[in-house]
Amino acid sequence: MHTTHEVFNQPSPLVDYNLYETNRPLQDALRFNAPQLDTAALSRLGAAVGTAGMQNHARLANVHTPQLHSHDRQGRRIDQVEFHPSYHALMTAAVGAGLHGTAWAASVAPTPDESPHVQRAAGFMLFTELEPSMLCPISMSYAATPALRRNAAVYADWGPKLTSRDYDPVLKPVAQKAGVTMGMGMTEKQGGSDVRANTSQAQPDGSDAWGARYRLTGHKWFFSAPMCDAFLVLAQAPAGLSCFFLPRVLPDGTLNALYIQRLKDKLGNKANASAEVEFVQAAAWLVGEEGRGVPQILEMGTMTRLDCALGTSGLMRQALALALNHSRQRLAFGKPLIEQELMRNVLADLALESEAATALAIRLARAFDRAGDTHEQLMARLLTPVAKFWICKRGAGFAQEAMECLGGNGYVEEGGEGVLARIYREMPVNSIWEGAGNIMALDLLRALRKGDVAGALAHELEPARGQHAALDRLARSLPLRVEAMASETEARRLAQDVALAAQAALLAQTAPPSVYAAFCDSRLGGDWGQTYGSLGSGCDFAAILARAMPN
Ligand SMILES: Cc1cc2nc3c(=O)[nH]c(=O)nc-3n(C[C@H](O)[C@H](O)[C@H](O)COP(=O)(O)OP(=O)(O)OC[C@H]3O[C@@H](n4cnc5c(N)ncnc54)[C@H](O)[C@@H]3O)c2cc1C
C-alpha cells in the first residue's frame, strides 16, 4: 500500500459564513449612505452566498462552460446556448434576491427612507464574491430600465417582467414569461469605444403597438449573455446612430433573426457566454429619438459602469477574505503568516484598498437613489467614470497580491481556494468592458463641463476638512484643477486624484481612525512604496486587520 504522508498546516476553506455580517466596511458604508435601510435581506443573502452548496454551484458553472448549439439535429437554426444547471441555480438566486431590475420597482423617485439602489448595490457586491461572471446579464437587466423607459409601449410590457423575482430561462414571447433578462449590443469589429463607427443598418419597417419598427442588418463583435430575452442595440438609421429594442422571440412566437456565430474563448468570466452575432433583417423597435442612440444607450452604460465598480469591490473583498483566512491558519517560520510583520503590512494594505473601494462604490450607488437632488446628479456624473476607472484599474494588481498571500496554492484552480485564481482571471474585464480606462478618464473630462462640478466636489469633500493635512492639500487643489479642465494627457491622473480624495473623505466619515489615517498617509501623504505591503511602520496594523477579518 502506498500512502501519502499526513497532510498538515493546510488551512481549512472559508465556507459557511455570512458574507454580510462579517463585512464591517460594507455595513459602515450602508449606515452612512442609507441609514434607514433594513439590512435583514442582505444578511440572509450574505448567509446564502457563503454556503458550501452555493460555492459549489459557482465552481461548476465555471468548469462546465456554456455551449453553443447553432442548429438542431435536423439542421434548423436554433441559436441556443446551453448552460450547466449550476448556472441556472445561481441565476435563480440572483434574480430571487432582486439584483436585476427589482430596484426600479420601488418608485420612480425613492423617498429619503427608501434606498433601493444602495440595497441592490450591496447585494450585488455580496453576490460578486460568490460568482461574478453570471452577474453580467443580471447587471445588464438592471441597467436597461432608464433607457427602456424611452419607449413607453415596450416598457409597459417588459418593465414588470424585468422587476419580477422569477428567473425564467426559456425563450418564449414576453407575454408568457414569468421574468425576463436583457443585454446590450454596441461593440462591432471595427470599433467598440468609438461606437459612432457602427456599421449595422436599421431600415424603417412601419410601426405597431411597440412604436416605430425597423429591420436591422449587421453584426456585433461582443454580445454577452445572448440567451437574454431582449437587447438594446445600436444601429445606423436614416437620421443617424440610434438605439433599438431587439427581442430574441417576437410577439408571434417566432425567433428573431439574430444568429450566434460563435462564443468567445475568454481569459476569465467563464460562466458567462459572450457571443459574436449577426442580424439579418432582425425586427427591432426604436428607443428614444432616431439619431440619439449614443446618449440613449449611455443611460444603460452609466448603470453598468456602477456595477463594474461594485463588482470589482466585491472581488477585492473576497480576495482579501481568502488571503486573511489562509494567513491566519498557515504557519511559516514558527508562527502564523498573519503574525509575520511583513505579511501584516501586505494584508493591511489590501484591507485599506478594499475598504476604500467599497466606500466609493456604495456612495456612488446612493447618487442613483437621490436622482432628484442636484448635488447627487453631479456626483453621479462625476463619480461614475472616476469610480469605474480607479477601482477597476486597482483590481488586477490587488488580486495578484492576494493570490500571492496563499503562495503556490493561490495559483492553483482546484477546490475552495482556487477561487483566487478565478478572481485573478476575472479582474481585468471590469476595467475593459463598459468603457476601458482611457475612455473613462476622457469621460471625466466631459463630466467637468456639466454644471458646477468643482463646487460639488468641494462640497463633497468638505466634511473631511481639517482631519488630515494631505487630504486638505489635495482637496484645495482639486477644484482648481477641475475648473481648469485638464487636458487629455492629464485625464488619468485627474481621475486617480478625484477618486483618492473622494475615498479619503468617505473613510473620514465611515471608517475608524486607524484605517483613515493609514489610507491618507499612504495614498495621499506619500508614505508608501510602489507595491502593496509598503505602508509606513506607524500604522495600527492590528486594528486594520481586526476590522477586515471575514469571521
Ligand atoms: C468579456 C467581454 C464581454 C463583452 N460584452 C459586451 C456586450 O455584451 N456588449 C457590447 O456592446 N460590448 C461588449 N464587450 C465589448 C467591450 O465593451 C469593448 O471591448 C470595449 O468597450 C473596448 O472596445 P474595443 O474592444 O473595440 O477596443 P477599442 O475601442 O479599440 O479600444 C482599445 C484601447 O484603446 C483605448 N482608446 C480608445 N479610444 C481612445 C482615445 N480616444 N484615446 C485614448 N485611448 C483610447 C481604449 O481605452 C482601449 O484601451 C465585451 C467585452 C468583453 C471583453
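Residues numbered from 1 in each chain as written. Predicted model: local features only at pLDDT ≥ 70, side-chain atom pairs only at ≥ 80, totals over all residues. Heavy atoms only, no water.

Secondary structure assignment for the chain yields 17 helices and eleven strands. Against the 2.2 N^0.38 benchmark of 24 Å for 551 residues, the chain shows a C-alpha radius of gyration of 23 Å, consistent with a compact globule. Across its three principal directions, the C-alpha atoms of the chain cover 75 × 75 × 40 Å. With 551 residues in all, the chain has 59% of them scored as buried. (Helix = DSSP H or I, 4+ residues; strand = E, 2+ residues; numbered from the N terminus. Rg over C-alpha atoms; globule rule 2.2 N^0.38 Å. Buried < 20%, exposed > 50% of the residue type's maximum accessible area, 1.4 Å probe, protein only.)

With that out of the way, let us pick up the nonpolar core. Core analysis: the biggest nonpolar cluster contains 189 residues, and F127, L216, L232, F244, F245 and I362 have the highest contact counts within it. Sorting elements by how many residues they give to this core places helix α9 (residues 341–369) first, with 17 residues. Apart from residues no more than four positions distant in its own chain, F127 is found in contact with L45, V49, M54, L90, A93, A94, L99, M134 and L135. (Core = buried A, V, L, I, M, F, W, Y, C linked by side-chain atoms within 4.5 Å. Contact = heavy atoms within 4.5 Å.)

Okay, the side chain of S133 next. Along the polypeptide, S133 turns up in the loop between α5 (116–130) and α6 (135–148). With a relative accessible area of 0%, S133 lands in the buried category. A polar contact of 3.3 Å, which involves the side chain of S133, links it to the backbone nitrogen of A271. Not counting the four nearest positions on each side in its chain, S133 is found in contact with N62, N269, K270, A271, N272 and E426. (Polar contact = N/O pair within 3.5 Å; in protein donor to acceptor, adjacent residues only side chain to side chain.)

Compared with the 54 Å implied by 1.5 Å per residue over 37 residues, the 54 Å span of helix α8 (residues 293–329) between its first and last C-alpha is a close match. Roughly 35° is the biggest bend found in α8, and it falls at E299. For α8, a buried count of 31 out of 37 residues is recorded, marking the element as mostly surrounded by other parts of the structure. (Expected span 1.5 Å × (residues − 1). Bend = angle between axes of the 7 residues up to and from the residue.)

Throughout the structure, instances matching the rule amount to eleven aromatic pairs. With 5.0 Å between their ring centres and 80° between their planes, W210 and W285 make a pair best called edge-to-face. Of this pair, W210 sits in the loop between β4 (201–208) and β5 (211–224) while W285 sits in strand β9 (residues 274–287), placing them 75 residues apart in sequence. Grouping residues by exposure puts W210 and W285 together as buried. Among the aromatic residues, those joined into a cluster by ring pairs are W158, W210, F245 and W285. Cation over ring: R120 sits above Y142, and NZ or CZ is 3.5 Å from the ring centre. The residue whose ring lies beneath K264 is F222, and the NZ or CZ to ring-centre distance is 4.2 Å. (Phe/Tyr/Trp six-rings, centres within 6.5 Å; stacked < 30°, edge-to-face > 60°. Lys NZ or Arg CZ within 6 Å of the ring centre and 35° of its normal.)

Further remarks concern the site of the ligand. The full set close to the ligand counts 20 residues, and M186, T187, G192, S193 and S224 are the nearest of them. Backbone polar atom of M184 to a nitrogen atom of the ligand: 3.0 Å apart, as the coordinates give it. Separating an oxygen atom of the ligand from a side-chain N or O atom of S193 is a distance of 2.6 Å. For the ligand, whose accessible area on its own is 970 Å², the fraction buried by protein is 67%. Only β3 (182–185), β5, α11 (419–432) and α12 (437–447) provide two or more residues apiece to the shell around the ligand. (Near = heavy atom within 4 Å. Areas by Shrake-Rupley, 256 points an atom, 1.4 Å probe, with all protein chains shown as cover.)

Across residues other than glycine, the phi torsion is negative in most instances, and most of the peptide bonds are trans. If you check the backbone angles, A225 has positive phi at about 50° while not being a glycine. Tracing the chain through its elements places A225 in the loop between β5 and β6 (230–237). Despite not being glycine, Q281 shows a phi value in the positive range, around 60°. With respect to the helices, strands and loops of the structure, Q281 is situated in strand β9.

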